[in-house]
Amino acid sequence: MPESLPRAGAPLLPLLERELRALAAGRALWVMALLLCPVVGYGFTEAVGLYAEASRSAEGFPELARGMTPLDGVLVPTLGAFYVAVTLLFPFVAIRTLGGDKENGGLKLLLQLPHSPVVLVLAKLAAAITGWLLALVPALSALFLWAALGGHLHVPETLNLLLGHLLYGLLVAAVGLFAASVADGPATAAIGALAFVLGAWVLDFAAAGQGAWMRRLADLSPTAALRGFEGGLLALPAVLGMLIAAAALVALAVVWLPPGRPVPRKLALSAAVLAAAAALSLASAQARLYADLSESRRNSFAPGDEAALRRLSEPLAITVHLSPDDPRLADFERQVLGKLRRLVPRISVTIAETPKGLLTPSGDDRYGLVFYDYGARHDESRSTSFREVLPLLFALAGATPERIEAADYPGYPLVADARPAAPWFYAVLPALLALAWWRVRRAGAAPDWLQHKGGVP
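Residues numbered from 1 in each chain as written. Predicted model: local features only at pLDDT ≥ 70, side-chain atom pairs only at ≥ 80, totals over all residues. Heavy atoms only, no water.

**A look at the pattern of salt bridges**
So, step 1. All told, the structure shown has eleven salt bridges when counted by the stated rule.
So, step 2. One salt bridge in this structure joins Arg56 and Glu53, with 2.8 Å as the shortest N-O distance. Of this pair, Arg56 and Glu53 both sit in helix 2 (residues 28-58), three residues apart, which is roughly one turn of the helix.
So, step 3. In this structure Arg56 comes out as partly exposed when scored by relative accessible area, which is 45%. (Salt bridge = Lys/Arg side-chain N within 4 Å of Asp/Glu carboxyl O. Helix = DSSP H or I, 4+ residues; strand = E, 2+ residues; numbered from the N terminus. Buried < 20%, exposed > 50% of the residue type's maximum accessible area, 1.4 Å probe, protein only.)

Structure representation (structure tokens):
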């Protein structure tokens, strides 16, 4: 009964313990973990099989071997299966931490504790992230199995990849908490959370081949931010952006959590939260701090070229006359423009959607040209290769980069068979998780200080 609950000085640790036990006693977390075992296992075995096939062709040919990167061939596909499951299943786990209390009336009792709604929501967020760590076990076991097979793991790029997935999981958990705080029941909250996270996929698909404003909008999606981590790039703007988005959603959950707060006040507080988040996001976009943690240095130019580009003091304007659906534009963005944005202090890039001269009656002979304006000097080229673009830029700036030799990436071809590891994902690990689920359910769902005769509040 409410009279049996402590009225003052309720400690934080029992509250967190209660949230963890309540989450572990439910089905959502364990069902997600059990489903992840075969999903991640299948993705891992298929990735290793394809990597082995490519490695057979690369053995004995150093040029081909340099293209064999475990990050692209094994780690990203394996964690890609984990990403899909987190997108589709993890919102239900996060929603249960709050939606279950709203549905059975326990939330009213929790709000009577001497803890603010902020503390309550943060405790539920911590419980949800703990559930995410449990769901990560199949993916982590795949990394250990890859190392046991003789596969190469570069620690910085591996940790960077895991950091990206952690930030994505944090954002999905915040979405679930916000949806649960607004919706009347878990089912409605689940629909809203899935609509939000799946909207990122739709935005990415819709941005393909569309205009510049649509591509800029797609760059704000968490999927686009995660793609940078998958490439071995640690970008402070992306980290801050995902943290700010998660914090804003948690703040909105706090605003909408108390049932007695008037709706107009909730709307006013929500507007203030969104305004603050927008201001912080604009400020974080100016944090030009990047680190290329990929072992192959795919996100970087040669060290001497990078040092010379950072010293460019005048404005650099680049105008690209290519259609958004032209594959040359995607290659140019990946190989040149993205790196220049991270290095040149004052740069602006404009995609001029010029009609294709050879394919349309109203074509423009400028199609395919890239204009470079540095200060008062101008040059142009049809090449999208950094081997031709960088000398052009240095000629415009009158700079002579220092030649610093960097070690070539050797590549790590490996002919391995991951099929013997299939029983671990399809039988052993699910059995261990099922045993842990059974033990947790026997232990009970809540600590003694928050129990009453009717069960868990």
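**Quick notes on the sheet that holds strand 6 (residues 377-381)**
So, step 1. On the basis of which strands lie adjacent, the open sheet formed by four strands has the order 4-3-5-6 and mixed pairing. Edge positions in the sheet fall to strand 4 (347-351) and strand 6, since each of these pairs with one other strand and no more. Direction aside, the axes of adjacent strands within the sheet are offset by 15 degrees on average. (Pairing = 2+ DSSP bridges. Axes fitted to C-alpha atoms, helices over the stretch in contact; angles between N-to-C directions.)

**Points about the confidence of the model for the chain**
Detailed reading of the predicted coordinates is not advisable wherever pLDDT falls low.
So, step 1. Of all residues in the chain, 87% attain a pLDDT of 70 or more, and the chain-wide mean is 84.
So, step 2. Throughout residues 1-8 the model reports pLDDT below 50, and contacts reaching past four residues in sequence, or to other chains, amount to 13 contacts.
So, step 3. Segment residues 445-457 is flagged for pLDDT under 50; beyond a separation of four residues in sequence, or across chains, it makes 30 contacts in the model. (pLDDT = per-residue confidence, 0-100. Contact = heavy atoms within 4.5 Å.)

**Digging into the packing of aromatic side chains**
So, step 1. Under the criterion given, the structure shown has seven aromatic pairs.
So, step 2. Here the aromatic rings of Phe301 and Phe386 are separated by 6.1 Å at their centres, their planes lie at 40 degrees, and the arrangement is tilted. Highlighted residues: Phe301 in the loop between strand 2 (290-292) and helix 14 (303-310) and Phe386 in helix 16 (residues 386-397), separated in sequence by 85 residues.
So, step 3. Using a relative accessible area of 4% as the deciding quantity, one classes Phe301 as buried.
So, step 4. Exposure remark for Phe386: the relative accessible area of 28% places this residue in the partly exposed category.
So, step 5. Lys339 extends its terminal NZ or CZ atom over the ring of Phe386, reaching a point 6.0 Å from the ring centre.
So, step 6. If you follow Arg342 out to its NZ or CZ, it ends over the ring of Tyr290, 5.9 Å from the centre. (Phe/Tyr/Trp six-rings, centres within 6.5 Å; stacked < 30°, edge-to-face > 60°. Lys NZ or Arg CZ within 6 Å of the ring centre and 35° of its normal.)

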